[in-house]
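Topology and contacts: notes
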Amino acid sequence: MHPTILAAFFEISRTVVSTCSAGVVLLLIGLLATTRDFTEARGLDKIVALANLCFAMPLAVFGAEHFAAAKGIMQLVPKFMPWPLFWTYFVGFALLAASLSIATKIQVGWSGLLFGIMMFLFVAMMDFRGALAHPRDRFVWTYVIREMSFGGGGWILAGDALREPGRGQGGSKLITVGRVLIGIAAVFYGVEHFLHPLNVPGVPLEKFMPAWIPARVLISYLTGAILLIAGLCILLAKKTRTAATYLGAWIFLLVLVVYGPILIASLLDPSTDVKVDGINYFFDTLLFAGAILALASATPRTE
C-alpha cells in the first residue's frame, strides 16, 4: 500500500473516530431495544418506532465530540461562566447518559426532561443573545429554532413516559409545549426552503446541496411544502399524528439519501474539519427527525 495512503489512514482525527464509534455503539444498543416495537409496527409506523433511536444517536455522537474536541468546544461556553472546560465535559457526559437512557427507554421521563431544559438554557444563554445581536442573520434564527425544537423533542419523550399508567397526567403539558415548538420550526423552515432552495434540506443551514445531487431544487421545494403543511397541522393540532408521521418519515428519508452521501463524501475528504462538518450535519438533521417522530409516537391515533 502506498505510504501516503497509510499515513492518511492512521492520521484520522480522534474526534472523527470517537464520534463515529459512539454513533455505531448507540445504533447497536438502540436496535436491540427497538426490535420488538419495530417488528410489531406496520407501514410508516415502523419509522415512528425508530423515534428514540433517531433521537438518541445524535446525543451520543455530540457527547463524544465534547470529550474529543473539548478545547475547541469550550470556547463556545459564555464568558460569564467559570470553568468552561468543566462545563464542556459535564455536557458531554450528560449527552452520553441521556442517549443511553432514551435509546433503552429507561428513565426517559428524567433524561428527556433534563435534556430539554439544557437545550432551552443553551438558547437563552448563547443562541438568543446571538440572534438579538444579529437580528437580520437568518442562520442565527435557524439555530435558535432548531435548538428549541430539539428541547421540545426531549420534553415530548419525557411527557410520553410520564403519561404512562400510574405516572400521572403531567406529561400532557410537556407534549403540548414540544408540539408547538416543532410546529413553529416546521413552518419557519418550510418558508426558508422556498426562499433559499439551494441550501441543504430539512434544517436549512449554510451548506449548499452538492451539485452532484440530482433535482436539488425539486427536493427543496417538495421539502418546503411538506414542512409547511405538516407544520400548520401540528400547530393547529389537526391530524397531528398523521402530519408528524409523514414529516418525520420524509426528514428521515432525507437523512439517508441526501445527508448520507454528504457524510460519506466528507469522510473521504482529507480535512478533519470537513469530516466533522459532515458528521454534524448528518446527526443534527437526524435529531430533528427524531424529535418529529417522537411527537408522532406520543400522539394518540385519534389525533
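The coordinates are above.
We now turn to the structure provided with this report. The structure displayed is predicted, hence computed values, not measured ones.

Basis of the calculations
- Residues numbered from 1 in each chain as written.
- Predicted model: local features only at pLDDT ≥ 70, side-chain atom pairs only at ≥ 80, totals over all residues.
- Heavy atoms only, no water.
- Helix = DSSP H or I, 4+ residues; strand = E, 2+ residues; numbered from the N terminus.
- Expected span 1.5 Å × (residues − 1).
- Buried < 20%, exposed > 50% of the residue type's maximum accessible area, 1.4 Å probe, protein only.
- Contact = heavy atoms within 4.5 Å.
- Axes fitted to C-alpha atoms, helices over the stretch in contact; angles between N-to-C directions.
- Parallel < 35°, antiparallel > 145°, perpendicular 65-115°, else oblique.
- Left-handed = near helix turned anticlockwise from the far one by under 90°.
- Nonpolar A, V, L, I, M, F, W, Y, C, P; charged D, E, K, R; others polar.
- Phe/Tyr/Trp six-rings, centres within 6.5 Å; stacked < 30°, edge-to-face > 60°.
- Patch = residues over 30% accessible without salt bridge, like charges linked within 9 Å, V, L, I, M, F, W, Y side chains within 5 Å.
- Areas by Shrake-Rupley, 256 points an atom, 1.4 Å probe, with all protein chains shown as cover.
- Salt bridge = Lys/Arg side-chain N within 4 Å of Asp/Glu carboxyl O.
- Arc of directions from axis to C-beta.

Turning our attention to helix H6 (residues 84–104). Its 21 residues give H6 an end-to-end C-alpha distance of 30 Å, which sits within 8% of 30 Å, the value for a rise of 1.5 Å per residue. Within the sequence span of H6, burial applies to Thr 88, Val 91, Gly 92, Leu 95, Ala 98, Ser 99, Ser 101, Ile 102 and Ala 103. Buried-residue contacts for H6 involve helix H2 (14–40), helix H4 (51–68), helix H5 (70–73), helix H7 (108–133) and helix H8 (138–162). Once H6 ends, the next one or two residues include Lys 105, with phi positive near 60°.

Here H4 crosses H6 at 155°, and the two axes come no closer than 8 Å. On the basis of the axis angle, H4 is roughly antiparallel to H6. The element H4 and its partner H6 pack so that their crossing is left-handed. Residues Asn 52, Phe 55, Ala 56, Leu 59, Ala 60, Phe 62, Gly 63, Ala 64, His 66 and Phe 67 of H4 touch H6, and the partners they reach there are Thr 88, Tyr 89, Val 91, Gly 92, Phe 93, Leu 95, Leu 96, Ala 98, Ser 99, Ile 102 and Ala 103. Per-class residue counts for the contact of H4 with H6 are 15 nonpolar, six polar and no charged.

As a further point, take the packing of aromatic side chains. For the coordinates displayed, the defined rule picks out eleven aromatic pairs. Here Phe 128 and Trp 141 contribute two aromatic rings whose centre-to-centre distance is 6.1 Å and whose plane-to-plane angle is 80°, an arrangement assigned as edge-to-face. Highlighted residues: Phe 128 in helix H7 and Trp 141 in helix H8, separated in sequence by 13 residues. By relative accessible area, which is 24% here, Trp 141 ends up partly exposed. When the ring of Tyr 189 is compared with that of Phe 288, the centres are 5.6 Å apart and the planes differ by 70°; the resulting orientation is edge-to-face. In this pair, Tyr 189 sits in helix H9 (residues 171–195) while Phe 288 sits in helix H12 (residues 272–298), placing the two residues 99 residues apart along the sequence.

A cluster of nonpolar side chains, namely Val 180, Ile 184, Leu 232, Leu 235 and Leu 236, defines an oily patch on the protein surface of about 400 Å² accessible area. Only H9 and helix H10 (216–235) provide two or more residues apiece to the nonpolar patch. Relative to the elements of secondary structure, Leu 232 occurs in helix H10.

What follows is about H10. Here H10 contains 20 residues, and its C-alpha end-to-end distance of 28 Å stays within 8% of the 28 Å for a straight helix at 1.5 Å per residue. Those residues of H10 lying buried are Ile 219, Ser 220, Thr 223, Gly 224, Leu 227, Ala 230, Gly 231 and Ile 234. In an axial view of H10, the angular spread of the buried residues amounts to 155°, which keeps them on one side of the axis. Residues of H10 that are exposed and point over 90 degrees away from its buried face: Leu 218 and Ile 229. Structurally, H10 contributes buried residues whose contacts are with H9, helix H11 (240–267) and H12. One or two steps after H10, the chain reaches Ala 237, where phi turns positive at roughly 55°.

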